[in-house]
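# Coordinate inspection notes
If you want the building blocks of each chain, they are given just below.
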Amino acid sequence: MYSKLERKWWFIAPVTALAAVLTNFLVSAAGLIQPYNSAQWLLYVLAFVGIQRAMSFALWLLVLCVAPASAVPERG
């Protein structure tokens, strides 16, 4: 489940780009230069999703501390 903030393009774009860069760094540090088979692709995807979700959460917490009204959904 994504928050309203995580659905904004200006939030998704930098998080996804930075997650891709960090995933490439992590995968190359592990010795997988390019994924060739399905097991390597699975490791790459799992690393990307984990890094992307962790960064999204961390940035959401940062926004919550800086501007709480923009990160918390309105209550009816």
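The structure this text deals with has already been given above.
Residues numbered from 1 in each chain as written. Predicted model: local features only at pLDDT ≥ 70, side-chain atom pairs only at ≥ 80, totals over all residues. Heavy atoms only, no water.

### Things to note about helix H2 (residues 38–66)
Under the convention used in this document: Working definition: helices are DSSP H or I runs of at least four residues, strands are E runs of at least two. Numbering for both runs from the N terminus. Any helix carries an expected span of 1.5 Å times its number of residues minus one. Burial classification: accessible surface area is computed with a 1.4 Å probe over protein chains only, and a residue below 20% of its type maximum counts as buried, one above 50% as exposed, and the rest as partly exposed. Two residues qualify as a contact provided that any one of their heavy atoms is within 4.5 Å of a heavy atom in the partner residue.
For H2, built from 29 residues, the straight-helix expectation of 42 Å at 1.5 Å per residue is met to within 8% by its first-to-last C-alpha distance of 42 Å. Taken together, the buried positions of H2 are Gln40, Tyr44, Ala47, Ile51, Gln52, Met55 and Ser56. On its buried face, H2 is in contact with helix H1 (9–29).

### Focus on H1
As a reminder, the rule being used: To obtain the arc, one takes the directions from the helix axis to the C-beta atoms.
Compared with the 30 Å implied by 1.5 Å per residue over 21 residues, the 30 Å span of H1 between its first and last C-alpha is a close match. Among the residues of H1, those classed as buried are Phe11, Val15, Ala19, Thr23 and Val27. An end-on view of H1 places all buried positions within 95° of arc, on one side of the element. Projecting away from the buried face of H1 at angles above 90 degrees are the exposed residues Trp9, Val21 and Phe25. Elements in contact with the buried residues of H1: H2.

### Some details on the nonpolar core
Rule in force here: To define a nonpolar core, start from buried Ala, Val, Leu, Ile, Met, Phe, Trp, Tyr and Cys residues and group those joined through side-chain atoms within 4.5 Å.
Counting six residues, the largest nonpolar core consists of Leu5, Phe11, Val15, Ala19, Ile51 and Met55. Listed by contribution, the elements that provide at least two residues to this core are H1 and H2. By residue number, the principal contributor to this core is H1, which donates three residues. Once residues lying within four places of it in the same chain are set aside, the contact partners of Leu5 are Trp10, Phe11, Trp60 and Val63.

### A word on the packing of aromatic side chains
Heads up, the rule is: Side-chain rings of Phe, Tyr and Trp (the six-membered ring for Trp) are treated as a pair once their centres are within 6.5 Å; stacked means planes under 30 degrees apart, edge-to-face means over 60, and tilted covers the remaining angles.
Under the defined criterion, the tally for this structure stands at two aromatic pairs. Here the aromatic rings of Trp41 and Tyr44 are separated by 6.1 Å at their centres, their planes lie at 75°, and the arrangement is edge-to-face. Of this pair, Trp41 and Tyr44 both sit in helix H2, three residues apart, roughly one helical turn. On the basis of relative accessibility, which here comes to 45%, the residue Trp41 falls in the partly exposed class.

### Side note on a nonpolar patch on the surface
What counts is decided by this rule: Each patch is built from residues that are more than 30% exposed by relative accessible area and take part in no salt bridge. Like charges join if they lie within 9 Å; nonpolar side chains (Val, Leu, Ile, Met, Phe, Trp, Tyr) join within 5 Å. For accessible areas, the Shrake-Rupley method is used with a probe of radius 1.4 Å. Any residue's cover is judged against the shown protein chains and nothing else. Salt bridge, as used here, is a side-chain nitrogen of Lys or Arg placed within 4 Å of a carboxyl oxygen of Asp or Glu.
Residues Leu18, Val21 and Leu22 make up a contiguous nonpolar surface patch of about 250 Å² in total accessible area. As for its placement among the helices and strands, Leu22 is situated in helix H1.

### Some details on the packing of H1 against H2
Geometry of a packed helix pair, given as the angle between the helix axes and the separation of the axes. Where we set the bar: Throughout, an axis means a line fitted to C-alpha atoms (over the contacting stretch in the case of helices), and angles, computed between N-to-C directions, take values from 0 to 180 degrees. Oblique is the label for any angle not under 35 degrees, not over 145, and not in the 65 to 115 range, which are roughly parallel, roughly antiparallel and roughly perpendicular in turn. Note on convention: the crossing is left-handed when the near helix lies turned anticlockwise from the far helix by less than a right angle, right-handed when the turn is clockwise.
Running from amino to carboxyl end, H1 crosses H2 at an angle of 135°, the nearest separation of the two axes being 8 Å. Classified by the angle their axes make, H1 and H2 are oblique. Note that H1 runs across H2; the crossing there is right-handed. Between H1 and H2, the residues in contact are Phe11, Val15, Thr16, Leu18, Ala19, Ala20, Leu22, Thr23, Asn24, Leu26 and Val27 and Tyr44, Ala47, Phe48, Ile51, Gln52, Met55, Ser56, Leu59 and Trp60, respectively.

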